[in-house]
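Descriptive structure summary
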Amino acid sequence: MSRILLLIIIGFMIYLLFRGFMRSQVKRDEQPKSVEAEDMVACARCGVNLPRSDAREEGGKWVCQGNPNCR
Ligand SMILES: [Zn+2]
């Protein structure tokens, strides 16, 4: 019985390690993309150009995200 418990714990640890590994892989993939060439979009409200990741879509138009000067 304790062996089954041990297997479950080991399996869970492998799962956590794998999940952490996948997360770090995703991060590594994301970073060069944003550094290299990220699409720039113009805010529909204030006209500021910003990377698409900093903008959010609202009614089919891109607007600033977290920009206090917008609106
Ligand atoms: Zn704006």
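Residues numbered from 1 in each chain as written. Predicted model: local features only at pLDDT ≥ 70, side-chain atom pairs only at ≥ 80, totals over all residues. Heavy atoms only, no water.

1. Regarding the coordination of the zinc ion
- The coordination sphere of the zinc ion, as far as protein atoms go, consists of Cys-43 (SG), Cys-46 (SG), Cys-64 (SG) and Cys-70 (SG), spread over 2.2 to 2.3 Å.
- Taken together, the 4 donor atoms coordinating the zinc ion and their angles of 101 to 117° define a geometry best described as tetrahedral.
- Between consecutive donors of the zinc ion, the numbers of intervening residues give the motif C-x2-C-x17-C-x5-C.
- For Cys-43, a relative accessible area of 5% puts it in the buried group. (Donors = N, O, S within 2.8 Å, 3.2 Å for Na, K, Ca; no water. Tetrahedral: all angles 85-135°; square planar, octahedral: opposite > 155°, others 65-115°. Buried < 20%, exposed > 50% of the residue type's maximum accessible area, 1.4 Å probe, protein only.)

2. A short note on a nonpolar patch on the surface
- A surface patch of nonpolar side chains, amounting to about 690 Å² of accessible area, comprises Met-1, Ile-4, Leu-5, Ile-8, Ile-9 and Met-13.
- Structurally, Ile-8 is set in helix α1 (residues 2-36). (Patch = residues over 30% accessible without salt bridge, like charges linked within 9 Å, V, L, I, M, F, W, Y side chains within 5 Å. Areas by Shrake-Rupley, 256 points an atom, 1.4 Å probe, with all protein chains shown as cover. Salt bridge = Lys/Arg side-chain N within 4 Å of Asp/Glu carboxyl O. Helix = DSSP H or I, 4+ residues; strand = E, 2+ residues; numbered from the N terminus.)

3. Some words on the nonpolar core
- Val-41, Cys-43, Leu-50, Ala-55, Val-63, Cys-64 and Cys-70 form the largest nonpolar core, which has 7 residues in total.
- Not counting residues up to four positions away in its chain, the partners in contact with Val-63 are Cys-43, Ala-44, Arg-45, Ala-55, Arg-56 and Glu-58. (Core = buried A, V, L, I, M, F, W, Y, C linked by side-chain atoms within 4.5 Å. Contact = heavy atoms within 4.5 Å.)

4. Here we look at the confidence of the model for the protein
- Averaged over all residues, the pLDDT of the protein equals 85, while 85% of them reach at least 70.
- Of all secondary-structure elements in the protein, the lowest mean pLDDT belongs to α1, at 82, while strand β4 (residues 61-64) reaches the highest, 92. (pLDDT = per-residue confidence, 0-100.)

5. Section: the pairing of β4
- Note that strand β3 (residues 55-58) and β4 share 4 bridges and pair antiparallel. Note that in β4 the partner of Arg-56 across the bridge is Val-63. (Pairing = 2+ DSSP bridges.)

6. A word on the pattern of salt bridges
- Applying the stated criterion across every chain yields a total of 3 salt bridges.
- A salt bridge links Arg-52 to Asp-39, with the nearest nitrogen and oxygen atoms 3.3 Å apart. Of this pair, Arg-52 sits in the loop between β2 (49-51) and β3 while Asp-39 sits in the loop between α1 and β1 (40-42), and the two are 13 residues apart along the sequence.
- Arg-52 gets classed as partly exposed once you look at its relative accessible area, which sits at 38%.
- Under the relative-accessibility criterion, Asp-39 is labelled partly exposed at 44%.
- Close ionic contact of Glu-58 with Arg-45 constitutes a salt bridge, the shortest N to O distance being 2.8 Å. Note that Glu-58 is positioned in strand β3 and Arg-45 in the loop between β1 and β2, a separation of 13 residues in sequence.

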